[in-house]
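Given next are the chains, with one letter for each unit.
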Amino acid sequence: MNHLGSLTIFFGWIVLISGLWLLIFFRTSISGAFESLEYLTYEQWYLGGIMRSLHRYASDAMIITIALHIFREFSRNTYRLTRWFSWVAGIPLVWMVFILGISGYWLVWDELAQYVAITSSELLDAIPIFTSKMAANFLQDSALSNRFFTLMAFLHLIGLPIFLVFGIWLHVFRLTSPKINPPKQLMAGSLLAMLVLSLVFPAVSQDQANLALATQTIELDWFYLHVFPLVKIWSPGWVWVFLVGISTLIMFAPWLPPGKAQKAATVDLDNCNGCQRCADDCPYGAIQVVPRSDGKRYEHEVVVDPGLCTSCGICVGACPTATPFRKRSPLVPGIDLPRNSAELLKEAIEDTTETFPLVLSFACTGSTELAWLEAHDKPVVEVSCVGQIPPSYLDYVLSRNRAARVLLTGCGGSCTHRFGMDWTEQRIRRTRDPNLRRRLGADRIAMAWCEPWCSMRGLKAQLAALEMQAAETDE
Ligand code: HEM
Ligand code: SF4
Ligand code: SF4
């Protein structure tokens, strides 16, 4: 579930590579197009046929992963407030993918292509900007010029893919280290599944197009063409109203209803040594490193862009000056969250551990894990994101005997703030600064995060194991 965006890109690669193979043999003429694809499907079934099927099935798979990706981002609320950009930039991507798919069906020049060409032209003719009627091109074969066909091929094979690549770049450009590639096993598994599908159900054409005859029964591709029947049921104009209306509604979803942004992280230069760790760990590129302005001997300082900051607190977890061992009160680190500060975190730990619980849990705001721990009266401290907890706080809990064990849990298996779990795990395993100090046995800290369908089971098992371990050590 964490890899739907990158899986869509992977399917895009399959579409591109298989498309390049098809391009070598494809003839961009009315009479040649159908025959060249028939040749690939039947004469060269072992390679060209497989490439054609991969091209079709990977395109279909893109629609599935895009739909799941939208649903997932929507359900995780990662599209509102300062995170609106990827969402809004995603809408043109959907249009581009659909136009690419639909234009692909034209090129086969079979009966389905004839239906798609005529219906698309009716749709385009309903837009008042075109002076001559496109549908007139499809009254008979002789009216359809090879030039027009070549133009469609150019649009499908070169023009739109270039726009799509640019669109994907724009979609993720505000994110730090976007996950562009899914894990290798997932890539291998999906490619294998698609190869099997291509061999068992190879993609084939329907009967050759003949504009002199009306299309008989055609099999629609419901991934790309589900809107087409509406052109006959409603009218082209109403289909446009529906499509543009629904796209606009979804595009404005980040502001429906308008939300109130949390206050952005703030920098306190008196406590900042310009180490840049916060900038390295911020998932949204909200922290800029600039030359020092206060005359201190350090080379750099950091500046937060409130328009990009999601108030996740991951930067506080990265700051070496955010340590509860500091004597100064109130505790002010180099970077902090105004509403959920390092000082408040320390106070929350102290309040929750007054009775020395066996296990102290930390859980993210809004997560089902937090709700479960609270409902079962387990000692738990709420954090914006687990990445907000500097390792020195875990050291503090364990070395000052505030609790025997610590359990960290997040939002199901995938961090709402992208890197909170990854960075926390790396800090605890001492592969990312700031590290957990060596004097602490890492076995006294457990992390419970797995995908939503197993997250509660995982949490309960980890908690029970930790409680038992702590009780046995006490005895
Ligand atoms: C071709 C289609 C698309 C591709 C290839 C794609 C790809 C991606 C990738 C790679 C990420 C980054 C994941 C990460 O590193 O955390 C992402 C994030 C995201 N995408 Fe898409 N996406 C597509 C369409 C869409 C659409 C249609 C929407 C919504 C209308 C959408 C909404 C989002 C949102 C909200 C995020 C998360 C941004 C954040 O964490 O702040 N995407 N997408
Ligand atoms: S709170 Fe999160 S988004 Fe804001 S600056 Fe810190 S790490 Fe970046
Ligand atoms: S991590 Fe802390 S000390 Fe380092 S640059 Fe950021 S605010 Fe300054």
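Okay, so let's go over this structure. (Residues numbered from 1 in each chain as written. Chains lettered and ligands numbered in written order. Predicted model: local features only at pLDDT ≥ 70, side-chain atom pairs only at ≥ 80, totals over all residues. Heavy atoms only, no water.)

1. A short note on the overall build of the chain
Now for step 1: Counting secondary structure elements, the chain contains 16 helices and 8 strands.
Now for step 2: Per-residue burial over the chain gives 48% buried out of 475 residues.
Now for step 3: For the chain, the exposed area adds up to about 23,700 Å²; of that, 63% sits on carbon and sulfur atoms.
Now for step 4: When the 39 positive and 41 negative side-chain charges of the chain are each reduced to one mean point, those points stand 7 Å apart. (Helix = DSSP H or I, 4+ residues; strand = E, 2+ residues; numbered from the N terminus. Buried < 20%, exposed > 50% of the residue type's maximum accessible area, 1.4 Å probe, protein only. Areas by Shrake-Rupley, 256 points an atom, 1.4 Å probe, with all protein chains shown as cover. Lys, Arg positive; Asp, Glu negative; His and termini not counted. Charge placed at Lys NZ, Arg CZ, Asp CG, Glu CD.)

2. Some thoughts on the site of ligand 1
Now for step 1: Around ligand 1 there are 23 residues in total, and His69, Arg83, His171, Lys179 and Arg418 lie nearest to it.
Now for step 2: Within the side chain of Arg83, one N or O atom sits 2.9 Å away from an oxygen atom of ligand 1.
Now for step 3: Separating a nitrogen atom of ligand 1 from a side-chain N or O atom of His171 is a distance of 2.8 Å.
Now for step 4: Elements represented by at least two residues in the shell around ligand 1 include exactly helix 1 (4-25), helix 3 (45-75), helix 4 (84-107) and helix 6 (146-172).
Now for step 5: Ranked by residue count, the leading element in the shell around ligand 1 is helix 4, at 6 residues.
Now for step 6: Looking at side-chain class alone, the shell around ligand 1 contains 12 nonpolar, 7 polar and 4 charged residues. (Near = heavy atom within 4 Å. Polar contact = N/O pair within 3.5 Å; in protein donor to acceptor, adjacent residues only side chain to side chain. Nonpolar A, V, L, I, M, F, W, Y, C, P; charged D, E, K, R; others polar.)

3. Brief notes about the coordination of the iron atom of ligand 1
Now for step 1: Taken together, His69 (NE2) and His171 (NE2) make up the full set of protein donors to the iron atom of ligand 1, lying 2.0 Å away.
Now for step 2: Around the iron atom of ligand 1 sit 6 donor atoms; with metal-centred angles ranging over 85 to 179°, the donor geometry is octahedral. One end of the pair, His69, is in helix 3; the other, His171, is in helix 6, with 102 residues separating them in the sequence.
Now for step 3: The buried category is assigned to His171, whose relative accessible area is 14%. (Donors = N, O, S within 2.8 Å, 3.2 Å for Na, K, Ca; no water. Tetrahedral: all angles 85-135°; square planar, octahedral: opposite > 155°, others 65-115°.)

4. Describing the packing of helix 1 against helix 2 (residues 30-43)
Now for step 1: Orientation of helix 1 relative to helix 2, taken along the N-to-C sense of each, is 120°, at an axis distance of 9 Å. Here helix 1 lies oblique to helix 2, going by the angle between them. Regarding helix 1 and helix 2, the two cross each other, and that crossing is right-handed. Only Ser36, Tyr39 and Leu40 of helix 2 make contact with helix 1, whose side of the interface consists of Trp21, Leu22 and Phe25.
Now for step 2: Residues of the contact of helix 1 with helix 2, tallied by class, amount to 5 nonpolar, 1 polar and no charged. (Axes fitted to C-alpha atoms, helices over the stretch in contact; angles between N-to-C directions. Parallel < 35°, antiparallel > 145°, perpendicular 65-115°, else oblique. Left-handed = near helix turned anticlockwise from the far one by under 90°. Contact = heavy atoms within 4.5 Å.)

5. Here's the deal with the nonpolar core
Now for step 1: Core analysis: the biggest nonpolar cluster contains 50 residues, and Ile287, Phe362, Leu394 and Leu408 have the highest contact counts within it.
Now for step 2: It is helix 14 (residues 391-399) that provides the largest number of residues to this core, a total of 4 residues.
Now for step 3: Setting aside chain neighbours within four positions, we find Leu394 in contact with Phe362, Ile389, Val406, Leu408, Ile428, Leu436, Leu440 and Ile445.
Now for step 4: Counting residues in each nonpolar core, the second largest holds 48 residues, with Leu40, Tyr115, Leu164 and Met194 among its members. (Core = buried A, V, L, I, M, F, W, Y, C linked by side-chain atoms within 4.5 Å.)

6. Examining the packing of aromatic side chains
Now for step 1: Tallied over the entire structure, the rule returns 19 aromatic pairs.
Now for step 2: Centroid distance Phe419 to Trp423: 4.7 Å. Interplanar angle 25°. Geometry classified as stacked. Neither residue differs from the other here; Phe419 and Trp423 are each classed as buried.
Now for step 3: Following the ring pairs from residue to residue traces out a cluster consisting of Trp84, Phe85, Phe166, Trp169, Phe173, Phe252 and Trp255. (Phe/Tyr/Trp six-rings, centres within 6.5 Å; stacked < 30°, edge-to-face > 60°.)

7. Some remarks on the pattern of salt bridges
Between side chains of opposite charge, pairing is possible as soon as their charged atoms come close.
Now for step 1: Here the structure, examined in full by the defined rule, presents 11 salt bridges.
Now for step 2: Taking the shortest distance from any N to any O, the salt bridge between Asp281 and Arg432 comes out at 2.6 Å. Here Asp281 is found in helix 10 (residues 277-281), whereas its partner Arg432 is found in the loop between helix 15 (420-428) and strand 8 (445-448), with 151 residues between them in sequence. Taken as a pair, Asp281 and Arg432 share a single burial class, namely buried.
Now for step 3: Taking the shortest distance from any N to any O, the salt bridge between Asp294 and Arg292 comes out at 2.9 Å.
Now for step 4: One salt-bridge network, in which partners are shared between bridges, spans Asp270, Arg292, Asp294 and Lys296. (Salt bridge = Lys/Arg side-chain N within 4 Å of Asp/Glu carboxyl O.)

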